[in-house]
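Chain and residue survey
The residues making up each chain are set out below.
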Amino acid sequence: MVWLIYIKLHKAAPAQCELVAIILGLLGGGRSWDTLFSILLNLSSELLAVGLLFFIMKLTLERALAHQNEKISVVLCHGSERIELPVELRRAEFTRAEILGRVGMIPMKEQGARFSIGHFNTLDFLRAINTIAESEAEDSVLSIPCNEEEFSQFNLPKN
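Below: a short report on this structure.

The rules behind each value
- Residue numbers here run from 1 along each chain, matching the order of that chain's written sequence.
- Local features in this predicted model are restricted to residues of pLDDT 70 or higher, and side-chain atom pairs are both shown and tallied only at a pLDDT of 80 or more, whereas totals for entire chains, interfaces and linings draw on every residue.
- Excluding hydrogens and water, the side-chain figures rest on all heavy atoms present in the structure.
- Think of a salt bridge as a Lys or Arg side-chain nitrogen and an Asp or Glu carboxyl oxygen that are within 4 Å of each other.
- Helix and strand definitions follow DSSP, with helices as H or I runs of at least four residues and strands as E runs of at least two, each counted in order from the N terminus.
- The cut-offs for exposure are 20% and 50% of the maximum accessible area for each residue type, with area from a 1.4 Å probe on protein chains only; residues under the lower value are buried, those over the upper are exposed, and the others partly exposed.
- Patches draw on residues past 30% relative accessible area with no salt bridge. Two like charges within 9 Å are joined, as are two nonpolar side chains (Val, Leu, Ile, Met, Phe, Trp, Tyr) within 5 Å.
- The Shrake-Rupley method, run with a 1.4 Å probe sphere, supplies the accessible areas, and residue values consider only the shown protein chains as cover.
- Charged-residue counts in this description rest on Lys and Arg as positive and Asp and Glu as negative, His and the chain ends being excluded.
- Every charge is mapped to an atom, namely NZ of Lys, CZ of Arg, CG of Asp or CD of Glu.
- Each nonpolar core is a collection of buried residues, namely Ala, Val, Leu, Ile, Met, Phe, Trp, Tyr and Cys, held together in the definition by side-chain atoms within 4.5 Å.
- Contact definition: two residues touch when any of their heavy atoms are within 4.5 Å.

Looking at the pattern of salt bridges
Scanning the model with the defined rule gives six salt bridges in all. Among the ionic pairs, Glu 136 bridges to Arg 63, the shortest N-O distance being 3.8 Å. With Glu 136 in the loop between helix 5 (123–134) and strand 4 (140–145) and Arg 63 in helix 3 (residues 34–68), this pair connects stretches of sequence that are 73 residues apart. Here Glu 136 matches Arg 63 in class, with each residue exposed. Where Arg 91 meets Glu 70, a salt bridge forms, and the shortest distance between an N and an O atom there is 3.0 Å. Of this pair, Arg 91 sits in the loop between strand 3 (89–90) and helix 4 (96–104) while Glu 70 sits in the loop between helix 3 and strand 1 (71–78), placing them 21 residues apart in sequence. A relative accessible area of 17% means that Glu 70 is categorised as buried. Each of Arg 90, Glu 93, Glu 98 and Arg 102 takes part in a single network of salt bridges with overlapping partners.

The following block contains the structure:
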C-alpha cells in the first residue's frame, strides 16, 4: 500500500517525491511504529522541559513582585513619642529620595517652612535604608530618631 502511494506521487509530482520518501522512512513505511514513538517521546520530553522552565520562571517572578510590593512604615521618633508617616512605602519605592519627599509632605507648624532632620545626613540613615531594602522581613519599619526641635516642627497627632 505504501509503495503504491509512492509510485503514484512520483508520477504526479517528482519534486515532492523525496519529501514523501523521507516521511515514509520516518514512519517506518508501515513496518514499525518504533521510530514514530521515539520521535513523539523526544518531543514530549522537550515540551515538558520547556514547560517546567517557564513554570519555575513564573514562580520566581511572582515571588520577586510580591517582595517588591511589601509595605514599609516610616516613623519619626523622639523618646517615647512617635509620628508615623500617613502612607506606607512599597519596598520597590523605598529610596532616600522617596523618604525625604514623603517627610516633606507632612504639614509643618510654620506654614511654608522646610523640615530639618539631622539624621538624614548621616551614614546610619543610608545603612538603615539599605538594610531594610535588602531584608526579607515582611513587616519592616524605618525609625528616624529626632531631637525635640526636629520632632516638634511637624503638625501631626503623635502616636
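Anyway, onward from the coordinates.
Regarding a negative patch on the surface
A surface patch of negative charge is lined by Glu 84, Glu 88, Glu 138 and Asp 139. Tracing the backbone shows Glu 88 in the loop between strand 2 (81–84) and strand 3. Judged by its relative accessible area of 35%, Glu 88 is partly exposed.

Focus: the nonpolar core
Formed by 23 residues in total, the largest nonpolar core has its most connected members in Leu 76 and Ile 99. Residue assignment for this core shows that the elements contributing at least two residues are strand 1, helix 4, helix 5 and strand 4. In contact with Ile 99, other than residues within four places in its own chain, are Val 74, Leu 89, Phe 94, Phe 120, Phe 125, Ile 129, Leu 142 and Ile 144.

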